[in-house]
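What follows is the residue order along each chain.
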Amino acid sequence: MADSLSTGSAEEKEKEGREKDKKAAKSEDSREPDRVTVTPSFNEKNGGSKTKNRNLADLSLFRFITTELTRGYFLEHNEAKYTERREKVYTCLRIPKELEKLMTFGFFLCLDTFLYVFTLLPLRVILALLRLVTVPCCGLSGSRLLQPAQVCDVLKGFIMVLCYSMMGYVDYAMMYHLIRGQSVIKLYIIYNMLEVADRLFSSFGQDILDALYWTATEPKEKKRAHIGVIPHFLMAVLYVFLHAILIMVQATTLNVAFNSHNKSLLTIMMSNNFVEIKGSVFKKFEKNNLFQMSNSDIKERFTNYILLLIVCLRNMEQFSWNPDHFWVLFPDVVMVIASEVAVDVVKHAFITKFNDISADVYGEYRASLAFDLVSSRQKNAYTDYSDSVSRRMGFIPLPLALLLIRVVTSSVKIQGSLSFMCVLLFYLGMITLKVLNSIVLLGTSCTFVKEANMEEKLFEPPPSAASSRANSRANRTKHVHISPQGSLAHCSRTATVQRENSDSDTFLTTPDGDDDDKIINADTGLEEEGLKQRTPKKDLLEIDRFTICGNRID
């Protein structure tokens, strides 16, 4: 009886507990109507496990391969990126054509300057000497004996005559056998050293010649600030002679490479061109730097052509001018030229790709070179065109012409009146080639200048010393915003700001109209308008220095 009562009381307690739980659940539902509590039943749990097993079954190898083979994507979702990549490819494809246009135009500019030394310069020297003799005899004491251009021509003629007489004491055959006795690795190192020395000589040589020309033609009213004409003349003679010897050693080394049995030296020298790609492609280049490199490549290619001509002349002389031997040399000549062209194309293609430079920039370079030619034909021209090309490209024709004259006179024997007639006809042919080349170049240059809208710059007066000083003073007093904390820093940065507007490159310059209106913060070196980073705004016409060894524009 007691057991039945106890079990009954236990059941009642369980019922009361269940009712309390139901009431508590209902009260929670009434308090949080948004909250839904779902208690999954047993069947629902079984259904979830089945769908989970089905999803795991879908992740099979066959399903993965099918997805990889059939999945797609849409390139138009990133249209700008792919359009830019396509334009880069088109730019690389345009580079060979545009580069060779520039190289061809520059080659004929160098050829025109080179032929000038052989054709018109001797005639101009003769006319200057005749004027020097006839003016005192005619009693024209009040007039000037020689014009500045004639003085420069006479100096060039004397330099060529003295250096040619000094070159007569250099034995080419002894130099050839001395170089041929060296090992291949030594010759490779020697050739690289000669290339570097040639660039150094070219960089400093035109400055020596310009200093001589200005010292000889400087007005007498000005204060004497030089060491004299004779020391400058001796320095110029020494420079031209040493540079000619350097090019002779370079041509002799190339001749040894052509005459080697296994052609190993020639292969190593050609592979040296591809090392140039490694040293140039992965550097940052602006338009001005690329212009300097292009001018250097033009000068280097023309110099290599003259060196190959000298090698062919020396080899043909050794084989008694047998035409069959020329066809033996011809494959090696073509191989050297082809490697040079290929290296230039690859180098410029990747430089323009990595630096986002358009292929149209080579048209601007052609216009700048054409502007030099057209401006040198004006009445108010301040320099000869040959000197302008020397400053622009680093190509100095005097040493190379001197070496070619030395090789030709030693290789070709002139005997009899018939030989003199042949020489005279050859000279007249060179004059004809020079005149035709100049006419074609002048017409082509005028076309390039018109296309680039640079005609107005031709009528600007050349910069004078007074105007250059005034411009330098104006640049020094340019409006600069200096904070109180940056007054000391401004003093240290003044030289950097002035270096961008130096007066050494005032040839053919055009002032930038919007530079003076901008305010520069001396603390940050940034412009106030949008705080854009300052970059040197140099026009291509301002660059008349040399490629590697001159004043670089970084």
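Within each chain, residue numbers correspond to sequence positions counted from 1 in written order. Totals for whole chains, interfaces and linings use all residues, but because this is a predicted model, local features are given only for residues with pLDDT of at least 70 and pairs of side-chain atoms are given and counted only at 80 or more. Note that water and hydrogens are dropped before the side-chain values are worked out from all heavy atoms of the structure.

- The protein is annotated in an unreviewed UniProt entry as Transmembrane anterior posterior transformation protein 1 homolog of Gouania willdenowi.
- UniProt positions are given in the numbering used here, feature names are shortened, and annotations may be inferred rather than shown by experiment. The Sequence similarities (unreviewed entry) field of the UniProt record for the protein holds the comment "Belongs to the TAPT1 family."
- The record held by UniProt for the protein lists under Subcellular location (unreviewed entry) the comment "Membrane".

**Remarks on the packing of helix α7 (residues 172-180) against helix α9 (residues 229-259)**
Logical step 1: Axis definition: a line fitted to C-alpha atoms, limited for helices to the stretch in contact. Angles are taken between N-to-C directions and run from 0 to 180 degrees. Put simply, DSSP H or I for four residues or longer makes a helix, DSSP E for two residues or longer makes a strand, and each gets a number counted from the N terminus. Closest axis-to-axis distance for the α7/α9 pair is 9 Å, and the angle between their directions is 55 degrees. As judged from the angle between their axes, α7 and α9 are oblique. In this structure, α7 crosses over α9, and the sense of that crossing is right-handed. Packed against α7, whose contacting residues are Tyr172, Met175, Tyr176, Ile179 and Arg180, the element α9 presents Met248, Val249, Thr252, Thr253, Asn255, Val256 and Asn259 at the interface.
Logical step 2: Considering only residue class, the contact of α7 with α9 consists of 7 nonpolar, 4 polar and 1 charged. Angle categories are assigned with fixed cut-offs, so that under 35 degrees is roughly parallel, over 145 is roughly antiparallel, 65 to 115 is roughly perpendicular, and the rest are oblique. Crossing handedness is defined as follows: a turn of the near helix away from the far one that is anticlockwise and smaller than a right angle gives a left-handed crossing, while the clockwise case is right-handed. We call two residues in contact whenever any of their non-hydrogen atoms come within 4.5 Å of each other. Asp, Glu, Lys and Arg are counted as charged, while Ala, Val, Leu, Ile, Met, Phe, Trp, Tyr, Cys and Pro are counted as nonpolar; the rest, among them Gly, fall into the polar class.

**A look at the packing of aromatic side chains**
Logical step 1: Two rings from Phe, Tyr or Trp (for Trp, the six-membered ring) form a pair when their centres are within 6.5 Å of each other. A pair whose planes differ by under 30 degrees is stacked, one over 60 is edge-to-face, and the rest are tilted. Per the stated rule, a full pass over the model turns up 14 aromatic pairs.
Logical step 2: Plain terms: the ring middles of Phe105 and Phe448 are 5.3 Å apart, the flat faces sit at 80 degrees to each other, and that makes the pair edge-to-face. With a gap of 343 residues between them, Phe105 in helix α4 (residues 79-118) and Phe448 in helix α16 (residues 417-451) connect regions that are remote in the sequence. For the pair Phe105 and Phe448, one class covers both residues: buried.
Logical step 3: Between Phe326 and Phe330 the ring centres are 6.1 Å apart and the planes differ by 50 degrees, which places this aromatic pair in the tilted class. Here Phe330 and Phe326 lie together in helix α12 (residues 323-354), a separation of 4 residues that amounts to about one turn.
Logical step 4: The partly exposed category is assigned to Phe326, whose relative accessible area is 32%.
Logical step 5: Its relative accessible area of 37% is what places Phe330 among the partly exposed residues.
Logical step 6: The side chain of Lys81 reaches across the aromatic face of Tyr82, ending 5.9 Å from its centre.
Logical step 7: Criterion for a charge above a ring: Arg CZ or Lys NZ at most 6 Å from the ring centre, at most 35 degrees from the ring normal. The ring of Phe448 carries Arg366 above its face, with NZ or CZ at 5.0 Å from the centroid. Relative accessibility thresholds used throughout: buried, under 20% of the residue-type maximum; exposed, over 50%; partly exposed, between the two (1.4 Å probe, protein chains only).

**Concerning the environment of Leu254**
Logical step 1: Position of Leu254 relative to the elements: it lies in helix α9.
Logical step 2: Looking at Leu254, the relative accessible area reads 6%, which means it is buried.
Logical step 3: Leu254 sits 50 residues away from Asn304 along the chain, and the two C-alpha atoms are 9.9 Å apart.
Logical step 4: Each residue touching Leu254, except ones within four places of it in the same chain, is listed here: Leu266, Met269, Leu307, Leu308 and Val311.

**Some words on a nonpolar patch on the surface**
Logical step 1: A grouping of Trp321, Val408, Val412, Ile414, Phe420 and Val423 is seen on the molecular surface, where their side chains present a nonpolar patch of about 520 Å² in accessible area.
Logical step 2: For Phe420, the position within the fold is in helix α16. Like charges are joined within 9 Å and nonpolar side chains (Val, Leu, Ile, Met, Phe, Trp, Tyr) within 5 Å, but only among residues with over 30% relative accessible area and no salt bridge; these make up the patches. Areas reported here follow the Shrake-Rupley algorithm with a probe of radius 1.4 Å; residue values treat only the protein chains shown as occluding. The working definition used for a salt bridge is a side-chain nitrogen of Lys or Arg within 4 Å of a carboxyl oxygen of Asp or Glu.

**Digging into the UniProt feature "transmembrane region" (unreviewed entry) in the protein**
Logical step 1: Under the local residue numbering, the UniProt record ascribes the feature "transmembrane region" (unreviewed entry) to residues 102-119, 158-179, 233-258, 395-412 and 418-442.
Logical step 2: Note that residues 158-179 is 82% helix and 0% strand, and that its end C-alpha atoms are spaced 31 Å apart.
Logical step 3: Strand forms 0% of residues 233-258 and helix 100%; the C-alpha atoms that close the span are 38 Å apart.

**With respect to α12**
Logical step 1: Multiply 1.5 Å by the residue count of a helix minus one, and that product is the helix's expected span. The terminal C-alpha atoms of α12 lie 47 Å apart, and with 32 residues this matches the ideal 46 Å at 1.5 Å per residue to within 8%.
Logical step 2: Of all bends in α12, the biggest is about 35 degrees, found at Leu329, and the proline Pro331 comes one to four residues later.
Logical step 3: A positive backbone phi angle near 55 degrees is found at Asp356, which sits one or two residues after α12. Bend at a residue means the angle formed by two fitted axes: the first through the 7 residues ending at that position, the second through the 7 residues beginning there.

**Observations concerning the nonpolar core**
Logical step 1: To qualify as a nonpolar core, a set must consist of buried Ala, Val, Leu, Ile, Met, Phe, Trp, Tyr and Cys residues joined through side-chain atoms within 4.5 Å. Counting residues in hydrophobic clusters, the biggest one holds 107 residues, and the most contacted among them are Phe114, Ile159 and Phe258.
Logical step 2: Here this core takes 17 residues from α9, the largest share from any one element.
Logical step 3: In this view, Phe114 contacts Phe302, Ile306, Phe395, Pro397, Leu400, Ala401 and Leu404; residues no more than four positions away in its chain are not counted.

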